[in-house]
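Descriptive analysis of the structure
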Amino acid sequence: MSGGHGKVDRADSSEELARFLLSSGALSCDWLSAFRNAPRSAFLPDLVWPYDMATGTSHPVDRRADAKSWQLWVHKNVPLTIQWDDGRHSGKAPGHLPTSSASMPSVVTRMLSDLEVFPGSRVLEIGTGSGWNAGLLSTRLGSRRVVTVEVDSAVAAQARAALAEIGLHPEVICADGRFGWPAEAPYDRVIVAAGVREFPTAWAEQTRPGGLIVAPWGTHYSDEDALVRLTVAEDGSASGPFLRPLEFMKLRAQRLDWRRFAEHVGEFPGNATVSSTSVGLAELSQGRRFQGTAFILGLCVPHCAHVVNTDASGSTFWFFDMAEGSRGWASVAFRAGMRRATVHQSGHRRLWDEVSRALEWWRGEGSPTLDRFGLTVTSGGDCRPWLGDPAHRIPAFAR
């Protein structure tokens, strides 16, 4: 730190953050001691990039140039990028793709509460990042009870050093988190700090029956995730409810490469069929991020990616079939003054028909919110979303 004044700022700012999180219900009293003894500031590098969720932009804050500003930002309830472009970025300007971050404190503390740790429990963390999560777990449970896995060697080394600096020594492993860490299994709890698209079977296999897995899960339909809490069964399956929406950086091996769709459309519209729809723009969640509609459509229409292009003429929704070897696609063009949108569909899979039927089914069920849904992951890794309870799987028309 930068002298006595900086330390005072850190204490004041940390206590102010703790009071905010306690009053909002994001921090429970049983985590307060760990929060105070493993402060977020101890795990962050000199240069961080706070993310402004209102504008969708990041800006640099460097402790070496402005220690006071740095102290204020690291104790705000905002996400902080600590790495860009898988470490290939240099300089202070934001990079192209944020690839490691310190999550919002309210997200971190809520997830830890959802994990329901108990004295003596063994925890596996996937995605070490800054090391703060592992620090909080180690402070509460003891370092020997925590294993954390990070795919990036530089990020892992930085986290390991930060943990050691405040006397914490959980096992920090540099490896692909999809495979967990079988050497220390079984675990009572698994917490995942990265967005998941395909659920690795290793996580349930390395968790005791009755243990919990807490992870941000979603589909390639959108970037949105929802936090799911799964209870592992004797047969190796895991099932549980979605708790709330959020968004994490995706597991590196599960990022969506949009270049794979470069040849889907070709000469637009080609041999695509043409129709129209009365479905409105708002029904497809344009401008309503994290309101649940896009996430739920992803549950209902699997193996489908979608993107929205907006310009002066209006908005066009594109849907792409992700099945191996398929070039199926659909587009829905909304134009000002037009009562119906124009639909193009190409390929054997009628993607827009699936989306529109999914919307109709969702409305017919009373437009249930995200927390009414849940997920079962079979022992083979198949993800089966459901509504209400595991026996009520989402209808087959969307599969």
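Higher on the page you've got the structure.
Just so it is clear, the structure is predicted and the values come from calculations on it, not from any experiment. Counting restarts for each chain: residues are numbered from 1 in the order of the written sequence. For a predicted model such as this one, the threshold for reporting local features is a pLDDT of at least 70, and the threshold for listing and counting side-chain atom pairs is 80 or more; totals across whole chains, interfaces and linings nevertheless cover every residue. Think of the side-chain values as coming from all heavy atoms in the structure, minus any hydrogens and water.

1. Remarks on the overall build of the protein chain
Only runs of H or I of at least four residues qualify as helices and only runs of E of at least two qualify as strands under DSSP, and these elements are numbered from the N terminus. Summing up its helical and strand segments, the protein chain has 9 helices and 19 strands in all. Projecting the C-alpha coordinates of the protein chain onto the three principal axes gives extents of approximately 70 × 50 × 40 Å. Working definition: with a 1.4 Å probe on protein chains only, accessible area under 20% of the residue-type maximum means buried, over 50% means exposed, and in between means partly exposed. Burial status across the protein chain gives 51% buried among its 399 residues. In this description, contact between two residues means that some pair of their heavy atoms is separated by no more than 4.5 Å. When contacts within the protein chain are restricted to residue pairs at least 6 apart in sequence, those whose partners lie at least 24 apart make up 60%. In short, Shrake-Rupley with a 1.4 Å probe defines the accessible areas, and a residue's cover is counted only from the protein chains shown. Accessible surface, the protein chain as shown: approximately 18000 Å² in total, 51% of it carbon and sulfur. Under this rule, positive means Lys or Arg and negative means Asp or Glu; His and the chain ends count for nothing. For this purpose, a charge sits on NZ of Lys, CZ of Arg, CG of Asp or CD of Glu. Averaging the positions of the 42 positive and the 43 negative side-chain charges in the protein chain gives two centres separated by 2 Å.

2. So, the sheet that holds strand β14 (residues 304-311)
DSSP-based pairing: two strands are paired if at least 2 bridges between them are found. The strand order across the open sheet built from 5 strands is β13-β17-β16-β15-β14, with neighbouring strands paired in antiparallel fashion. Every other strand in the sheet has two partners, leaving β13 (273-277) and β14 as the edge strands with one partner each. Neighbouring strand axes in the sheet, compared pairwise and without regard to direction, differ in orientation by 20 degrees on average. Sheet topology places β13 next to strand β17 (residues 341-346); 5 bridges connect them, and they run antiparallel. The residue bridging Thr 277 from the neighbouring strand is Ala 341, located in β17. Here the axes come from fitting lines to C-alpha atoms, over the contacting stretch only for helices, and the angles between their N-to-C directions go from 0 to 180 degrees. Sheet strands in contact with helix α9 (residues 351-364) are β13, β14, β15 (314-321), β16 (329-335) and β17, and its direction is about 105 degrees off that of β15.

3. Digging into the pairing of strand β7 (residues 146-150)
Counting buried positions along β7 gives 5 out of 5 residues, so the element sits mostly inside the fold. Residues Val 146, Thr 148 and Glu 150 line one face of β7 and the alternating positions Val 147 and Val 149 line the opposite face, and both faces are buried. Here strand β6 (residues 123-126) runs beside β7; their pairing, made up of 4 bridges, is parallel. Considered in β7, the bridge of Val 123 is made with Val 146. Remark: the β6/helix α5 (residues 132-141)/β7 crossover connection has right-handed handedness. The path from the first strand over the helix to the second decides the hand: if it runs clockwise while the strands point away from the viewer, the crossover is right-handed.

4. Observations regarding the packing of aromatic side chains
Aromatic rings from Phe, Tyr and Trp, taking only the six-membered ring of Trp, are treated as a pair when their centres fall within 6.5 Å; an angle between ring planes under 30 degrees marks them as stacked, one over 60 as edge-to-face, and anything in between as tilted. Counted under the stated rule, the structure contains 17 aromatic pairs. Between Trp 318 and Phe 320, the aromatic rings sit 6.4 Å apart at their centres with planes inclined by 5 degrees, giving stacked as the arrangement. The same class applies to Trp 318 and to Phe 320, which are both buried. Among the aromatic residues, those joined into a cluster by ring pairs are Trp 258, Phe 261, Phe 268, Trp 318, Phe 320 and Trp 329.

5. Digging into unusual backbone geometry
That bond from Ala 185 to Pro 186 is cis: its omega, 5 degrees, falls within 30 degrees of zero. Cis geometry is found at the peptide bond from Phe 268 to Pro 269, where omega equals -5 degrees. Along the chain, Pro 269 falls in the loop between β12 (238-246) and β13. One non-glycine residue, Glu 116, lies in the positive phi region at around 55 degrees.

6. Quick notes on the environment of Ala 159
Relative to the helices and strands, Ala 159 is located in helix α6 (residues 153-165). Measuring from C-alpha to C-alpha, the distance between Ala 159 and Ala 226 comes to 26 Å, with 67 residues separating the pair along the chain.

7. Here's the deal with the packing of helix α8 (residues 293-300) against α9
Viewed as axis vectors pointing N to C, α8 and α9 meet at an angle of 115 degrees, and their least axial separation amounts to 10 Å. Taken together, α8 and α9 sit at an angle that is classed as roughly perpendicular. The two elements α8 and α9 cross, and the hand of that crossing is right-handed. Judged by residue contacts, Thr 293, Ile 296, Leu 297 and Cys 300 of α8 engage Val 355, Ala 358, Leu 359, Trp 361 and Trp 362 from α9. Considering only residue class, the contact of α8 with α9 consists of 8 nonpolar, 1 polar and no charged. An angle below 35 degrees is read as roughly parallel, one above 145 as roughly antiparallel, one from 65 to 115 as roughly perpendicular, and any other as oblique. The sense of a crossing depends on the near helix, which, turned anticlockwise from the far helix by less than a right angle, makes the crossing left-handed and, turned clockwise, makes it right-handed. By the convention adopted, Pro, Cys, Tyr, Trp, Phe, Met, Ile, Leu, Val and Ala count as nonpolar, Lys, Arg, Asp and Glu as charged, and the other residues, Gly among them, as polar.

8. Things to note about α9
Helices are assigned an expected span. That span is 1.5 Å times one less than the residue count. End to end, α9 covers 20 Å across 14 residues, agreeing with the expected 20 Å (1.5 Å per residue, within 8%). All of the buried residues along α9 are Leu 351, Trp 352, Glu 354, Val 355, Ser 356, Ala 358, Leu 359, Trp 361 and Trp 362. Following α9 by one or two positions, Gly 366 adopts a phi angle in the positive range, close to 90 degrees.

9. Topic: the pattern of salt bridges
The salt bridge definition used is simple: a Lys or Arg side-chain nitrogen within 4 Å of an Asp or Glu carboxyl oxygen. Applying the stated criterion to the full structure yields 23 salt bridges. We note a salt bridge from Arg 197 to Asp 225, for which the minimum N-O separation is 2.8 Å. With Arg 197 in the loop between β9 (187-192) and α7 (201-205) and Asp 225 in strand β11 (residues 225-232), the pair connects residues that are 28 residues apart, well separated along the chain. Each member of the pair, Arg 197 together with Asp 225, is buried. Lys 250 is paired through a salt bridge with Asp 225; the nearest N and O atoms lie 3.2 Å apart. Taken together, the residues span a long stretch of sequence, with Lys 250 in the loop between β12 and β13 and Asp 225 in strand β11 at a distance of 25 residues. Assessed through its relative accessible area of 16%, Lys 250 is described here as buried.

10. Focus on the packing of helix α4 (residues 105-115) against α5
It is the contact of α4 with α5, at a shortest axis distance of 11 Å, that shows an interaxial angle of 45 degrees. Here α5 runs oblique to α4, going by the angle between their axes. The way α4 lies across α5 gives a crossing that is right-handed. Where α4 abuts α5, its residues Pro 105, Val 108, Leu 112 and Leu 115 lie against Trp 132, Asn 133, Leu 136 and Leu 137.

11. Concerning the nonpolar core
Among buried residues, those of type Ala, Val, Leu, Ile, Met, Phe, Trp, Tyr and Cys that are joined through side-chain atoms within 4.5 Å constitute a nonpolar core. Judged by nonpolar contacts, the single largest core of 55 residues is most densely connected at Phe 199, Trp 217, Phe 242, Leu 284, Phe 319, Trp 352 and Phe 373. For this core, the element with the most residues is α9, which contributes 7 residues. Those residues in contact with Leu 284 that sit more than four places away from it in its chain are Val 279, Leu 297, Phe 317, Phe 334, Trp 352, Val 355 and Leu 359. Formed by 33 residues, the second largest nonpolar core is a distinct cluster that contains Leu 21, Phe 35, Ala 156 and Val 214.

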